[in-house]
Amino acid sequence: LYGSDAIGGVIQIFTKSGRYSSGAMASAAVGSYGTRSANASLSAGARDTPFTISGGWYDTTGFSATKPSVPFDQYNPDKDGYRNSNFSAKLGHHFRPGQELGASVLYSRGETHYDSGPSGDPRIEQTLSSYSLHSRNQLTGAWESLLRLGASRDDSSAPGAGYPSDFRTDQDQALWQNTVRLGTTSVIGGLEYLREKIATSTPYPVTARTIRSAFAGVTGDYGKHGIQLDVRRDDNSQFGAPTSGSAAYGYRVTPDIKLRAAIGKAFHAPSFNDLYYPGFGNPDLQPERSRSREVGVDYVAGSQRLAATYFDNRISELIVFAFDPATSSFLPVNVASARIRGAELSYDVRCSGTRVKALLTLQDPKSEDTGFLLQRRAKQHGSLTARRDFGPWTLGAELLASGARFDSADEAPASRLHGYAV
């Protein structure tokens, strides 16, 4: 249902609504490398006009982006920090039961320092902004219509850099989505329009494209059985009209145990920068296409939740960044055939007021052309978190870990990036 950028999965974020989670929040944090942050938000129901506003600030001094061992005398010992300030707001008005008008806004400004030689302090300044209006209408007892209009802009510049440094990407979007609920079955269908346009200090061969899409899906629960079927067609003015889709089935063995299986087909178009960025773009890039399969089991009993999934994802024309000895630069290239398969395990439990959550992924991400591991993809990674509430206070700890991976396409020993834990 989600279009071109969903080839690797979707992170779906639901912003808190003042209607259901009113209140105020403030937080502050300090850490190593001069890291500081502060955030605050306010939500209120305000009768039929709920709203949420939030703002935040983050700053870290960081450390040098290069090491003394970097070749060609390009080491720069300065600290390369990052700072960001952001604001967001969401407002809705229910003028009748089942009838809502709303708006949202997001603004974020960041500054990233990096190294580009033994001297100077180059940086990237980026401003992101996004605005949307929506109308959600319950047309009948079973039929809900959602109309959303949105616009976003990404402004990026690199002051003092020796290459084209000003970029502005605009994206305009319109969505009409309809959901019809018939008993335990939900049918969804809609149309979407997306226009992408980029302006740079050096003109690109192609600076705009449109994607006109239609999608449909059905989800249903029938006793012990559950199904989900989705299909989407994107008419991309630059890369044709691919069709993607998925099918999933679940079977509840007992009230606590569910088996599931899914297959899917996806498509991802390269970005304008992937194609045309001066010195780092590849105009011959082809879109990524994938076919995925997975099977899994879920176990939920009391305060325990366990999930295990086996996945097998085959990707043709996978886009990776590789070093080109002829030009001594990194360029995006297509891997004709790649396969990522493995298992994902998760366990979530609440015991004596403490919640513990563990995640582990064991995978074999390989290029089928060469037999080598895909660049910068570890065979193992995972996390462990624990938190406990004491009235209005929360105490928690988190561990993130990753295995080793390679920065080259041929597993060159000198390019091995060691495993790490944070």
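One numbering rule holds for all chains: residues counted from 1, following each sequence as written. This being a predicted model, a pLDDT of at least 70 is required before a residue's local features are given, and a value of 80 or more before pairs of side-chain atoms are given or counted; all residues contribute to the totals for chains, interfaces and linings. The basis for every side-chain value is the complete set of non-hydrogen atoms in the structure, without hydrogens or water.

Enquirer: Explain the overall build of the protein chain to me, please; I cannot follow it from the model alone.
Expert: For the protein chain, the helix and strand inventory stands at 1 helix and 22 strands. Seen along its three principal axes, the alpha-carbon backbone of the protein chain occupies a region of about 70 × 55 × 45 Å. A buried classification covers 31% of the 422 residues belonging to the protein chain. Contact definition: two residues touch when any of their heavy atoms are within 4.5 Å. Considering only intrachain contacts with a sequence separation of at least 6, the fraction spanning at least 24 residues in the protein chain is 49%. Per-residue accessibility takes into account occlusion by the displayed protein chains alone, with areas from the Shrake-Rupley method and a 1.4 Å probe. Carbon and sulfur atoms form 59% of the exposed surface of the protein chain, whose accessible area is close to 24900 Å². The sign given to each residue is positive for Lys and Arg and negative for Asp and Glu; His and the chain ends receive no count. Where a charge sits is defined by one atom per residue type, namely NZ (Lys), CZ (Arg), CG (Asp) or CD (Glu). Side chains of the protein chain carry 45 positive and 42 negative charges; the gap between the two charge centres is 7 Å. For helices the rule is a DSSP run of H or I covering at least 4 residues; for strands it is a run of E covering at least 2, with both sets numbered from the N terminus onward. Buried means the residue's accessible area, taken with a 1.4 Å probe over protein chains only, is under 20% of the maximum for its type, while exposed means over 50%, and partly exposed covers the values in between.

Enquirer: Explanation requested: the packing of aromatic side chains in the structure shown.
Expert: How two aromatic rings sit relative to each other is given by the distance of their centres and the angle of their planes. Pairing of aromatic rings covers Phe, Tyr and Trp, the last through its six-membered ring, and needs centres within 6.5 Å; plane angles under 30 degrees mean stacked, over 60 mean edge-to-face, and all others mean tilted. Scanning all chains against the criterion turns up 6 aromatic pairs. Three or more aromatic residues joined by ring pairs make a cluster, and in this case those are Phe 167, Tyr 204, Tyr 276, Tyr 277 and Phe 280. Directly above the aromatic system of Phe 272 lies the positively charged group of Arg 209, at a separation of 4.6 Å from the ring centroid. For a Lys NZ or an Arg CZ to count as sitting over a ring, it must be within 6 Å of the ring centre and within 35 degrees of the ring normal.

Enquirer: What is the right way to read unusual backbone geometry from this model?
Expert: Of all residues except glycine, most have a negative phi; of all peptide bonds, most are trans. A positive phi angle, close to 60°, is found at Phe 72, a residue other than glycine. Note that Phe 72 resides in the loop between strand E3 (51-63) and strand E4 (80-96). Using a relative accessible area of 73% as the deciding quantity, one classes Phe 72 as exposed.

Enquirer: Looking at this structure, I do not really get the nonpolar core. What am I missing?
Expert: Within soluble globular proteins, side chains that are nonpolar tend to cluster in buried spots. Formed by Phe 167, Ile 198, Tyr 204, Phe 239, Phe 267, Ala 269, Phe 272, Leu 275, Tyr 276, Tyr 277, Leu 285 and Ile 319, the largest nonpolar core amounts to 12 residues. The biggest single contributor to this core is helix H1 (residues 272-276), with 3 residues. Setting aside its immediate chain neighbours within four residues, Ile 319 contacts Pro 270, Leu 285, Gln 286, Glu 288, Pro 332, Val 333 and Asn 334. What is meant by a nonpolar core is a set of buried Ala, Val, Leu, Ile, Met, Phe, Trp, Tyr and Cys residues, joined one to another through side-chain atoms within 4.5 Å. Grouped together as the second largest cluster of nonpolar side chains are 8 residues, Ile 315, Leu 318, Val 335 and Ile 340 included.

Enquirer: Looking at this structure, how should I read the pairing of strand E19 (residues 393-402)?
Expert: In the case of a regular strand, side chains alternate between the two sheet surfaces. Burial analysis of E19 places just 1 of its 10 residues in the buried class, which makes it a mostly uncovered element. Paired strands are those between which DSSP finds at least two bridges. Two strands pair when backbone bridges link them, and strand E18 (residues 380-390) and E19 are joined in this way by 10 bridges, in the antiparallel orientation. By the bridge assignment, Phe 390 is partnered in E19 with Trp 393. Across 2 bridges, the pairing between E19 and strand E22 (residues 420-421) is antiparallel. Its bridge partner being in E22, Ser 402 is matched across the sheet by Tyr 420.

Enquirer: Mind showing me how you'd approach a nonpolar patch on the surface here?
Expert: Together, Leu 139, Trp 143, Leu 147, Leu 149, Trp 176 and Leu 191 make up a nonpolar patch on the protein surface, roughly 570 Å² of accessible area in all. Per-element tally for the nonpolar patch: the top contributor is strand E7 (residues 143-157), with 3 residues. Inspection of the secondary structure puts Leu 191 in strand E9 (residues 185-200). Each patch is built from residues lacking any salt bridge and having more than 30% relative accessible area; the joining distance is 9 Å for like charges and 5 Å for nonpolar side chains (Val, Leu, Ile, Met, Phe, Trp, Tyr). Each reported salt bridge corresponds to a side-chain nitrogen of Lys or Arg within 4 Å of a carboxyl oxygen of Asp or Glu.

Enquirer: Would you explain the pattern of salt bridges in this entry?
Expert: Opposite charge on two side chains lets them pair, provided their charged atoms get close. This structure, assessed with the given rule, holds 22 salt bridges. Counted as one network, the salt bridges with shared partners bring together Arg 36, Asp 59, Arg 83, Arg 109, Glu 111, Arg 123 and Glu 125.

Enquirer: Got a minute to help me understand the environment of Tyr 249 in this structure?
Expert: Relative to the elements of secondary structure, Tyr 249 occurs in strand E12 (residues 243-252). A residue is classified by how much of its surface remains accessible, and Tyr 249, at 38% relative accessible area, is partly exposed. In this structure the C-alpha to C-alpha distance between Tyr 249 and Ala 262, which are 13 residues apart in sequence, comes to 6.4 Å. Setting aside its immediate chain neighbours within four residues, Tyr 249 contacts His 225, Gly 226, Ile 227, Leu 259, Arg 260 and Ala 261.

Enquirer: Any chance you could explain the pairing of E4 here in plain terms?
Expert: Taken together, the 11 bridges between E3 and E4 define a ladder with antiparallel strand orientation. For Gly 55, the partnering residue across the bridge sits in E4 and is Phe 87. The pairing of E4 with strand E5 (residues 99-113) spans 14 bridges and is antiparallel. Across the sheet, the residue bridging to His 94 is Glu 100, located in E5.

Enquirer: Honestly, the environment of Ala 378 in this entry has me stumped. Any pointers?
Expert: Its location among the elements puts Ala 378 in the loop between strand E17 (354-367) and E18. Spatially, the C-alpha atoms of Ala 378 and Leu 362 are 8.8 Å apart, while their sequence positions differ by 16 residues. Sequence-distant contacts of Ala 378, that is, excluding residues within four places in its chain, are made with Gln 363, Pro 365, Ser 402, Gly 403, Ala 404 and Arg 405.

Enquirer: Whenever I open this one, the environment of Asp 73 confuses me. Can you help?
Expert: With respect to the secondary-structure elements, Asp 73 resides in the loop between E3 and E4. Residue classification places Asp 73 among the exposed positions, given a relative accessible area of 68%. On a C-alpha basis, the gap between Asp 73 and Gly 117 in space is 7.8 Å, while along the polypeptide they are 44 residues apart.

Enquirer: Help me understand the side chain of Ser 43, please; the structure alone is not making it clear to me.
Expert: Tracing the sequence through the fold places Ser 43 in strand E2 (residues 35-44). Polar contact criterion, stated in full: a pair of N or O atoms within 3.5 Å, where within protein one must be able to donate a hydrogen and the other to accept it, and residues adjacent in sequence count only if both atoms are side-chain atoms. Of note is the side chain of Ser 43, whose polar atom sits 3.1 Å from the side chain of Thr 52. Setting aside residues up to four positions removed in sequence, Ser 43 forms contacts with Gly 18, Ser 21, Ser 22, Gly 23, Phe 51 and Thr 52.

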